[in-house]
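Chain residues, written in single-letter form:
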Amino acid sequence: MLSLFAHWQTLKQNPRNAWIAWIALGLLLVALPFLSDWTLGRSWVRILAFVLLYVMLALGLNIVVGFAGLLDLGYVAFFAVGAYLYALLASPHFGIHLPFWVLLPLGALVACVFGVLLGAPTLRLRGDYLAIVTLGFGEIIRIFLNNLNAPINLTNGPQGVNLIDPVSFGDFSLSKSHDLFGINFAPVHNYYYLFLVIALIIIFVGFRLQHSRLGRAWAAIREDEVAAAATGINTRNMKLLAFAMGASFGGVSGGLFAGFQGFVSPESFTLIESVMVLCMVVLGGMGHIPGVIVGAILLVALPEALRYLGPLQQSLFNKVLVDPADLRMLLFGLVLVVMMIFRPSGIWPSPTRQRELTPEDGIANQEKESVYDANR
Amino acid sequence: MDIFLQQIINGLVLGSIYALVALGYSMVYGILGLINFAHGEVVMIGAMIALAMLQALASSSMPIAVIILLSLLVAALVCMALGYAMEKVCYRPLRNAPRLAPLITAIGLSIVLQNIAMIAWGRQFVAFPLQIHATQHAIAGASISDLQILIILVATASAVALLLLVHKTRLGRAMRATAQDHRIAGLMGVNVNTIISVAFVLGSALAAAAGIMIAAYYGLAHYSMGALLGLKAFTAAVLGGIGNLGGAVVGGLLLGLIESLGAGYIGALTGGFLGSHYQDIFAFFVLILVLIFRPSGLLGERVAERA
Amino acid sequence: MPIASTDTLLRVHSVTKSFGGLMALSEVSLSISRGQIYGLIGPNGAGKTTLFNVLTGLYHADHGEFQLNGIHLANKKPHKIAQHGLARTFQNIRLFANMTALENVMVGRHARTHTGVLGAILRTPHARAEEKEIRDRARELLSYMGIAAFAEDLAKNLSYGDQRRLEIARAMATDPQLLALDEPAAGMNATETTALKKLIEKIRSDGLTVLLIEHDMKLVMGVCDTVAVLDYGEKIAEGSPQEVQRDPLVIEAYLGCAP
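All values derive from a computational prediction rather than experimental measurement. (Residues numbered from 1 in each chain as written. Chains lettered and ligands numbered in written order. Predicted model: local features only at pLDDT ≥ 70, side-chain atom pairs only at ≥ 80, totals over all residues. Heavy atoms only, no water.)

Asker: Requested: an account of the overall build of chain B, with residues and values cited.
Answerer: Helix and strand counts for chain B stand at 11 helices and 4 strands. With respect to the three principal axes, the spread of C-alpha positions in chain B is 60 × 55 × 35 Å. Here chain B holds 307 residues, and 56% of them are scored as buried. Excluding contacts between residues fewer than 6 apart, the proportion of contacts in chain B whose partners are at least 24 apart in sequence is 76%. Charge centroids of chain B, computed over 14 positive and 9 negative side chains, lie 14 Å from each other. (Helix = DSSP H or I, 4+ residues; strand = E, 2+ residues; numbered from the N terminus. Buried < 20%, exposed > 50% of the residue type's maximum accessible area, 1.4 Å probe, protein only. Contact = heavy atoms within 4.5 Å. Lys, Arg positive; Asp, Glu negative; His and termini not counted. Charge placed at Lys NZ, Arg CZ, Asp CG, Glu CD.)

In structure tokens, the structure reads:
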């Protein structure tokens, strides 16, 4: 697998080959749902849609953790905000039915506001405190979602919100089958293509941000916050911006999730989700967009593959010793620990980040106390 | 009257458990500058092991007191071994890595432990078979049970023992020196690695005690009980001033009181809008407020910077 | 007495800073004229770097104030101070170790450029032009410092002397009026120090004012117009290098006894 990445890098050296590779990849992405229809079955198209959803989430968290170096353990809160916003404003729960094209930007905006509200008081804290506070915030949001069904029923409590409007553009509902160009597109196909488009936009935005003065400023803060501030970077605002951008990606994914599922409940927004997305970023390679995408693909697909372990155990031991579903989280935890100890830069790291996270290098390891510590 | 006093008693009981766990966080943080996220899981493992021992020995002919002591001992030993192994395998290789690395490892570790426990003991709540005949004593309109008294006594004794160890013994002096500066302590002949291991082992022993107490108190244990408890204990440690052992005790007791009084009165305070099921969010609000307004905590001098 | 000047760039007025009971700076006042090379010397622990940290906003002064170009900057945030035209280097080199030399200097342009999120995402003509300006200016500064050859190398892979030069380039990218150098010659050999001396003079002749902390007396005495001496947080002398060298208080501070 690693040599495959290396191969891809060398492929990019030659412009003509690179174009061919890109076009092939594009065609593959377009054909993928039908390919999996024919081979693995319809259920895998749904999994592919989830892969794309998690790619978006992971890229959002990557801005916060990978670019700016801030450990956010409550990222799922923004996902929840986007999902519930969509659910409440496009369902019979309040009888409000706003259209998709209003809700998606609104979700991004509201999640962004939440990001700023959470970030403003906490971003001056040191990294490990920030991790805990965001973790707490993620839990608070979930507790509120769970309990805000009384005395006024805002969230419908643990039952969640049902019958959410499907995503539709005018009369074109994604939750219906459509025959186009002589091909039958099932709802799950429609959603796959919608998610693909939005994921590509998010990838594009991520790249553009990374390779701009903003991306450089984030990298500088990650490297040495004191030096960054002394060089004229408003570290607080830049960190807030990272938080807000990450949050808005989360909000968008949340809205898409709600429309796709037609149902949201607090259960979908536990700490575990935050950890899973973090895991994708860490596994793939913090700060490196292609790596993070690969991380997301692997970690959505792998648990699905784990399902086959059940029958395997059955045939080997004549009984199922460990429920494969129970192995999923264990796997995520192990990924985090093993990656940090043996390959902290991820399986497909960015060329610079790889060197940075390796423990035994020189100036990168000097104490990076925050500017504000120095003030106290 | 009574409700107030009753909440104070409940708060102190809960608080003394938080204090024990908070001591572990604070000790490790003081020496390594690391938030050991997985510490809460050690508490859970302690409770689970004790429970498994009690169940296994229940049918034996040993006297009940021996069974209990044996279970406690085994739970404490397993937790100490776990603490030692965690540090040695997961944290030591990352001692010079950027801060993000051990933090992420700690989270991973916490998830691994939780899920191992889930696979071993199942997803359901497990009833804690420790039968303590909880005689209620009435004090001024409120009541306190034997078990509650026992918890407060054991917690106090453990905390005092730890404080004496750290402040009065040669080992404690080495620990304090290491907390100040690893390199200099090393130059003065302190074996820094040993001291760090000791901090993890001691913290884990206290965590085991806390785990057993909380499981006995609620009569239940669950694979996920450590996460929230850990977070609250961490809050307690920050509230008291992380790195400061006395602070951890004060913070723990205070947080227990805040939670218990808060849960008792939140309904009245918000006009019935929020009920006692919001009990768990008090800790977070306390944490956020402390971190924003007084990050060094109540008793903290300056937050000890990692050397 | 501060030198009276019609064109004072930096005026520091009785800045005091203590850590716990330790008085790191006690009523320090000084003023630096535009176009000067101003040296700040003193034994180890005299408070030189503390003064730098106060001037660049990393520490808050207990009391006292300072103005750059007549603008009060005391207790402003570090980035504000950099934006107002005071840039610095660090005694223990603080580069963005895993970014290239070019990127390090490009970061220095941050305070002088404005592309926001939308501009960055859409790469508007304005954003493109600005990015080009950033890159060109950064390359220019690398050449100015004589390290253009290492533009694409990671900062941490540069030699010690080149890292010092890169840090100066990054500071200069913020278009400062006052460039504060914290022991730039530390760890340099004689040849490198001579080159550094020429560089500092070149920087001054290009219109910048330089504040220099240095232990290398030969460099300080050779390059500075005015020298101030700190000892135990107090300014004990100020004047031309010759005057300061003859000052009995200074000799006592350095040698530990009265002559």
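Asker: Account for the overall build of chain C, naming residues and giving values.
Answerer: Across its full length, chain C carries 10 helices and 10 strands. For chain C, whose C-alpha radius of gyration is 19 Å, the value lies close to the compact-globule estimate of 18 Å for 259 residues. Going through the 259 residues of chain C one by one, you find that 55% of them count as buried. In chain C, the share of contacts with a sequence separation of at least 24, taken over all contacts with a separation of at least 6, comes to 67%. Here chain C has roughly 10,600 Å² of accessible surface; of this, 53% comes from carbon and sulfur atoms. Distance from the positive charge centre (28 side chains) to the negative charge centre (29 side chains) of chain C: 6 Å. (Rg over C-alpha atoms; globule rule 2.2 N^0.38 Å. Areas by Shrake-Rupley, 256 points an atom, 1.4 Å probe, with all protein chains shown as cover.)

Asker: Please provide a residue-by-residue account of the interface of chain A and chain B, values included.
Answerer: Contacts between chain A and chain B engage 48 residues on the former and 49 residues on the latter. The junction of chain A with chain B conceals about 4,400 Å² of combined surface from both sides, 75% of it contributed by carbon and sulfur atoms. Counting residues per element, the ones that place at least two in the side of chain A that touches chain B are α6 (127–147), α11 (271–284), α14 (324–342) and α15 (351–356) of chain A. Top element by residues in the side of chain A that touches chain B is α6 of chain A. It accounts for 13 residues. Taken together, the residues that form the side of chain A that touches chain B break down as 31 nonpolar, 6 polar and 11 charged. (Buried area = accessible area lost by both parts, 1.4 Å probe. Nonpolar A, V, L, I, M, F, W, Y, C, P; charged D, E, K, R; others polar.)

Asker: I'd like a rundown of the sheet that holds strand β3 (residues 37–41) of chain C, residues and numbers included.
Answerer: All names here are of chain C. Reading across from one edge, β6-β7-β8-β3-β9-β10 is the order of the 6 strands in this open sheet, with mixed pairing throughout. Each edge of the sheet is formed by a strand with only one pairing partner; in this case those strands are β6 (86–88) and β10 (234–239). Between one strand axis and the next, the sheet turns by 20 degrees as a mean value, whatever way the strands run. In terms of strand pairing, β6 meets strand β7 (residues 178–182) through 3 bridges, oriented parallel. Each bridged residue has a counterpart across the sheet, and for Arg88 the counterpart in β7 is Ala180. Contacts from helix α1 (residues 48–55) reach β3, β6, β7, β8 (209–213) and β9 (226–231) within the one sheet, and its direction differs from that of β8 by about 140 degrees. Sheet strands in contact with helix α6 (residues 160–172) are β6 and β7, and its direction is about 155 degrees off that of β7. (Pairing = 2+ DSSP bridges. Axes fitted to C-alpha atoms, helices over the stretch in contact; angles between N-to-C directions.)

Asker: Explain the interface of chain A and chain C to me, using residue names and the numbers behind them.
Answerer: In this assembly, 39 residues from chain A lie in contact with 42 residues from chain C. Around 3,500 Å² of area is buried between chain A and chain C when both sides are counted, 61% of it from carbon and sulfur atoms. Looking at the side of chain A facing chain C, the largest losses of area belong to Arg208, Arg213 and Arg216 of chain A, adding up to 22% of the total buried there. Scanning the region where chain A abuts chain C turns up 2 salt bridges. Of the charged contacts in the structure, one is a salt bridge between Arg216 of chain A and Glu131 of chain C, with a shortest N-O distance of 2.8 Å. There are 11 residue pairs in polar contact (both at pLDDT 80 or more) connecting chain A and chain C. When residues of the side of chain A that touches chain C are traced back to their parent elements, those giving at least two are α7 (187–210), α8 (213–223), α9 (225–230), α10 (235–261), α15 and α16 (371–375) of chain A. (Salt bridge = Lys/Arg side-chain N within 4 Å of Asp/Glu carboxyl O. Polar contact = N/O pair within 3.5 Å; in protein donor to acceptor, adjacent residues only side chain to side chain.)

Asker: Pulling in residues and values, what's your account of the nonpolar core?
Answerer: Of all hydrophobic cores here, the largest spans 246 residues; its most connected members are Leu71, Phe195, Trp218 and Leu256 of chain A together with Phe37 of chain B. When residues in this core are grouped by element, the largest group, 20 residues, is from helix α3 (residues 43–67) of chain A. Once residues lying within four places of it in the same chain are set aside, the contact partners of Trp218 of chain A are Ile63, Phe67, Ala68, Leu209, Met238, Leu241, Ala242 and Met245 of chain A. Counting residues in hydrophobic clusters, the runner-up holds 45 residues, among them Ala138, Met188, Leu219 and Val227 of chain C. (Core = buried A, V, L, I, M, F, W, Y, C linked by side-chain atoms within 4.5 Å.)

Asker: Residue-level account of the domain arrangement of chain C, with values.
Answerer: Residues and elements named next belong to chain C. Splitting chain C by domain gives domain 1 (1–85 + 176–259) and domain 2 (96–169). For domain 1 and domain 2, the distance between their C-alpha centroids amounts to 28 Å. Each side of the interface is counted separately: domain 1 has 18 residues, and domain 2 has 9 residues. Carbon and sulfur atoms supply 58% of the area buried between domain 1 and domain 2, which totals about 1,000 Å² over both sides. (Domains from an automatic or database assignment.)

Asker: Explain the pattern of salt bridges to me, using residue names and the numbers behind them.
Answerer: Residues and elements named next belong to chain C. Counted by the stated rule, this structure contains 21 salt bridges over all chains. Salt-bridge contacts for Asp175 lead to Arg137; the nearest nitrogen and oxygen are separated by 3.8 Å. Here Asp175 is found in the loop between α6 and β7, whereas its partner Arg137 is found in helix α5 (residues 125–144), with 38 residues between them in sequence. Among the residues examined, Arg137 registers a relative accessible area of 22% and is labelled partly exposed. Salt bridges linked by common partners bring Arg109, Glu133, Arg137, Glu140 and Asp175 together as one network.

Asker: Tell me what's going on with α5 of chain C, and back it up with residues and numbers.
Answerer: For α5 of chain C, with 20 residues, the first-to-last C-alpha span of 28 Å sits near the 28 Å given by 1.5 Å per residue. Within α5 of chain C, burial applies to Ala127, Glu130, Ile134, Ala138, Leu141 and Leu142 of chain C. The buried residues of α5 of chain C occupy one face: seen down the axis, they fall within an arc of 110 degrees. Exposed and facing more than 90 degrees away from the buried side of α5 of chain C are Pro125, Arg128 and Lys132 of chain C. Each element contacted by the buried residues of α5 of chain C is listed here: α8 of chain A together with α3 (101–108), α4 (117–122) and α6 of chain C. (Expected span 1.5 Å × (residues − 1). Arc of directions from axis to C-beta.)

Asker: An account of the arrangement of the chains is requested, with residue identities and associated values reported.
Answerer: Most contacts, among the 2 pairs of chains that meet, fall between chains A and B. Separated throughout, chain B and chain C approach each other most closely at a C-alpha pair spaced 11 Å apart.

Asker: Let's hear about the sheet that holds strand β2 (residues 22–33) of chain C: which residues, and what values?
Answerer: Residue and element names in this part refer to chain C. Spatially, β2-β1-β4-β5 is the arrangement adopted by the 4 strands of the open sheet, whose pairing is antiparallel. Looking at strand neighbours, the two that pair on one side only are β2 and β5 (71–72), the edges of this open sheet. Both strand β1 (residues 8–19) and strand β4 (residues 63–68) contribute to a ladder of 5 bridges, which runs antiparallel. Looking at the pairing, His13 lines up with Glu65 of β4.

Asker: Could you give an account of the pairing of β8 of chain C, naming the residues involved and the relevant values?
Answerer: Along a regular strand, successive side chains alternate from one face of the sheet to the other. Residues and elements named next belong to chain C. For β8, a buried count of 5 out of 5 residues is recorded, marking the element as mostly surrounded by other parts of the structure. Of the two faces of β8, both are covered, the one formed by Thr209, Leu211 and Ile213 as well as the one formed by Val210 and Leu212. With 4 bridges joining them, β3 and β8 adopt parallel strand pairing. In the strand pairing of β8, Tyr38 is matched with Leu211.

Asker: Could you give an account of a nonpolar patch on the surface, naming the residues involved and the relevant values?
Answerer: A surface patch of nonpolar side chains, about 930 Å² in accessible area, is lined by Trp19, Trp22, Ile23, Leu25, Leu27, Leu28, Leu35 and Trp38 of chain A. By relative accessible area, which is 41% here, Leu28 of chain A ends up partly exposed. (Patch = residues over 30% accessible without salt bridge, like charges linked within 9 Å, V, L, I, M, F, W, Y side chains within 5 Å.)

Asker: Describe the confidence of the model for chain B, naming the residues involved and giving the relevant values.
Answerer: On average, chain B scores 85 in pLDDT, and the residues at 70 or more come to 92%. Counted against residues more than four places away or in other chains, residues 302–307 of chain B, with its pLDDT under 50, gives 21 contacts. (pLDDT = per-residue confidence, 0-100.)

Asker: Provide a residue-level description of a positive patch on the surface, including the pertinent values.
Answerer: Residues and elements named next belong to chain B. On the surface, Lys168, Arg170, Arg173 and Arg176 cluster together into a patch of positive charge. For the positive patch, the element with the highest residue contribution is helix α6 (residues 170–180), accounting for 3 residues. Its location among the elements puts Arg176 in helix α6. With a relative accessible area of 35%, Arg176 lands in the partly exposed category.

Asker: Which residues make up the state of the cysteines, and what values do they have?
Answerer: Applying the stated rule across the entire model yields 0 disulfides over all chains. Cysteine Cys279 of chain A remains unbridged, with the sulfur of Cys90 of chain B as its closest cysteine sulfur at 14 Å. (Disulfide = S-S within 2.5 Å.)

Asker: Quick one: what's the story with unusual backbone geometry, residue by residue and with numbers?
Answerer: Residues and elements named next belong to chain A. Positive phi outside glycine occurs at Leu163, with the angle close to 55 degrees. You can see Leu163 is positioned in the loop between α6 and β3 (168–169). The exposed category is assigned to Leu163, whose relative accessible area is 63%.

Asker: Please set out the packing of aromatic side chains residue by residue, giving values where relevant.
Answerer: Tallying each qualifying case throughout the model produces 20 aromatic pairs over all chains. Between Phe78 of chain A and Phe137 of chain A, the aromatic rings sit 6.3 Å apart at their centres with planes inclined by 40 degrees, giving tilted as the arrangement. Note that Phe78 of chain A is positioned in helix α4 (residues 76–89) and Phe137 of chain A in helix α6, a separation of 59 residues in sequence. For the pair formed by Phe78 of chain A and Phe137 of chain A, the shared burial category is buried. Considering the side-chain rings of Phe100 of chain A and Phe169 of chain A, the 5.3 Å spacing of their centres and the 80 degrees angle between planes classify their relative orientation as edge-to-face. Of this pair, Phe100 of chain A sits in helix α5 (residues 100–122) while Phe169 of chain A sits in strand β3, placing them 69 residues apart in sequence. An aromatic cluster of three or more residues is present, and its members are Phe50, Phe79, Tyr84, Tyr191, Phe195, Phe257, Phe260 and Phe269 of chain A. Cation over ring: Arg94 of chain C sits above Phe90 of chain C, and NZ or CZ is 5.6 Å from the ring centre. Positioned above the aromatic ring of Phe96 of chain C, the side-chain terminus of Arg170 of chain C is 4.7 Å from the ring centre. (Phe/Tyr/Trp six-rings, centres within 6.5 Å; stacked < 30°, edge-to-face > 60°. Lys NZ or Arg CZ within 6 Å of the ring centre and 35° of its normal.)

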